[in-house]
Amino acid sequence: MLWKPSPPQLRAQDVEDRVETLVMHPVLKAFVCGSISGTCSTLLFQPLDLLKTRLQTLQPAVNGSGRAGMVMLLFRVVRTESLLGLWKGVSPSFARCIPGVGIYFSTLYMLKQKFLVDRSPTALESVFLGATARAVSGICMLPVTVVKTRYESGRFGYGSVYGALKDIYQTEGARGMFSGLTATLLRDAPFSGIYLMFYTQTKNFTPQDQLDPVVMPLLNFGCGIFAGILASLATQPADVIKTHMQLSPHKYRRTSQAIAFIYKMMGNWRASSEYWNTKDFGLVGFFRGGVPRALRRTLMAAMAWTMYEQMMEKMGLKS
């Protein structure tokens, strides 16, 4: 009888080594670092996101422009919905941002490893890298983004994120779950591209080698603030369009319909809901909610990037 050698047995040490290799993969590290940074920034700045969503929709009792409108709305939410009302929608925000920020940073890390070897990206390359990574993350997480927007608006009585997704799919189909896709990509991809461009270029102008390592997080945060303000201003109109399309997908079948409504009906809506000036409609409506959004996006991005780079450095990886 011929002896047949038995297949080699996988040793326990080999299994442990393979698991460790998988767990310690740089892309997975980037995902974990991004998710942790996204969790912290989302929890801290959720109230600003809620105020932004409310300001972008019709709020007759607290209408106003600039800082006064935001402050009045803040007190109204606290008075009618309690202090915790400012964190309404935090569950879908977590469901969106924890994996979403992780997807963004891990995709960005993969793109850098593939296209950039031991060098910093140019301004144009930064725009491409940031926009591509954000587009991937935005498309993956768009259904949850729709739920988050509706939670924050106060118009829908969803009991959970899963229940909201199920209800939207049953009543509106896949179109409802991906409503506002064009406006979302026009907002998020340029924001991340512009942000990364200004962030990397600003850091390149700073003498990082001559600074104390203790000061580096503050420097990164300052660069993030500067980049976030410029990127927020450039993408504010797309954010307003996205909000309206996700709140009323049955009303706005095309992006052009939402643009027409905002331009005609929200451009010059003044003191009360009964007063409409039909002579001076304009671009003002596209910048409603700009103050809380700029604050939130700027602070959130600056904090996320600062935490991400510090954690990646602790893991021995270059962000």
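Note that this is a predicted model, so its numbers are computed, not measured.

Asker: Go over the overall build of the chain, please, and point to the residues and values.
Answerer: Counting secondary structure elements, the chain contains 10 helices and zero strands. Sequence-ordered secondary structure for the chain, helices as α and strands as β, is α-α-α-α-α-α-α-α-α-α. Taking the contacts inside the chain whose residues are at least 6 apart along the sequence as the reference set, 76% of them involve residues at least 24 apart. With an accessible surface of roughly 16500 Å², the chain has 66% of that area assigned to carbon and sulfur atoms.

Asker: Describe in detail the side chain of Ser126, supporting the description with residues and values.
Answerer: Topologically, Ser126 is positioned in helix α5 (residues 123-153). Once you skip the residues sitting within four places of it in the chain, Ser126 turns out to touch Pro121, Gly193, Leu196, Met197 and Thr200.

Asker: Requested: an account of the packing of helix α7 (residues 181-204) against helix α10 (residues 290-314), with residues and values cited.
Answerer: Relative orientation of the contacting elements α7 and α10 amounts to 55 degrees, with a least axis distance of 12 Å. Taken together, the axis directions place α7 and α10 in an arrangement best described as oblique. Where α7 crosses over α10, the two elements pack in a sense that is right-handed. Side by side, α7 and α10 meet where Arg187, Asp188, Phe191, Tyr195, Leu196, Tyr199 and Lys203 of the first sit next to Arg293, Arg297, Ala301, Ala302, Trp305 and Glu309 of the second. Considering only residue class, the contact of α7 with α10 consists of seven nonpolar, no polar and six charged.

Asker: Tell me about the pattern of salt bridges, and name the residues and values.
Answerer: Within the structure shown, the criterion is met by 13 salt bridges. The residue Lys203 makes a salt bridge to Glu309 at a minimum N-O spacing of 3.0 Å. Here Glu309 lies in helix α10 and Lys203 lies in helix α7, a separation of 106 residues in the sequence. By sharing partners, the salt bridges in this structure join Asp49, Lys52, Lys148, Arg187, Asp188, Asp239, Arg293, Arg296 and Arg297 into a single network.

Asker: Go over a nonpolar patch on the surface with me, naming the residues and quoting the values.
Answerer: On the surface, Leu43, Val78, Leu83 and Trp87 cluster together into a nonpolar patch covering about 340 Å² of accessible area. Structurally, the position occupied by Trp87 is in the loop between α3 (66-81) and α4 (90-115). A residue is classified by how much of its surface remains accessible, and Trp87, at 30% relative accessible area, is partly exposed.

Asker: A description of the environment of Lys29 should follow, citing residues and the corresponding values.
Answerer: As for its placement among the helices and strands, Lys29 is situated in helix α2 (residues 26-56). Accessibility expressed as a relative area gives 14% for Lys29, which makes it buried. In sequence terms Lys29 and Tyr109 are 80 residues apart; their C-alpha atoms lie 9.9 Å from each other.

Asker: How would you sum up the packing of aromatic side chains? Please name residues and give values.
Answerer: Summed over all chains, the structure comprises 10 aromatic pairs. Taken together, a centroid distance of 5.8 Å and an interplanar angle of 10 degrees make the contact between Tyr195 and Tyr199 stacked. One end of the pair is Tyr195 and the other is Tyr199, both in helix α7 and four residues apart, which spans about a single turn. The residues Tyr195 and Tyr199 share a single accessibility class, namely buried. Their ring planes at 40 degrees and their centres at 5.2 Å tell us that Tyr199 and Trp305 sit as a pair that is tilted. Of this pair, Tyr199 sits in helix α7 while Trp305 is found in helix α10, placing the two residues 106 residues apart along the sequence.

What counts and what doesn't
- Residues numbered from 1 in each chain as written.
- Predicted model: local features only at pLDDT ≥ 70, side-chain atom pairs only at ≥ 80, totals over all residues.
- Heavy atoms only, no water.
- Helix = DSSP H or I, 4+ residues; strand = E, 2+ residues; numbered from the N terminus.
- Contact = heavy atoms within 4.5 Å.
- Areas by Shrake-Rupley, 256 points an atom, 1.4 Å probe, with all protein chains shown as cover.
- Axes fitted to C-alpha atoms, helices over the stretch in contact; angles between N-to-C directions.
- Parallel < 35°, antiparallel > 145°, perpendicular 65-115°, else oblique.
- Left-handed = near helix turned anticlockwise from the far one by under 90°.
- Nonpolar A, V, L, I, M, F, W, Y, C, P; charged D, E, K, R; others polar.
- Salt bridge = Lys/Arg side-chain N within 4 Å of Asp/Glu carboxyl O.
- Patch = residues over 30% accessible without salt bridge, like charges linked within 9 Å, V, L, I, M, F, W, Y side chains within 5 Å.
- Buried < 20%, exposed > 50% of the residue type's maximum accessible area, 1.4 Å probe, protein only.
- Phe/Tyr/Trp six-rings, centres within 6.5 Å; stacked < 30°, edge-to-face > 60°.

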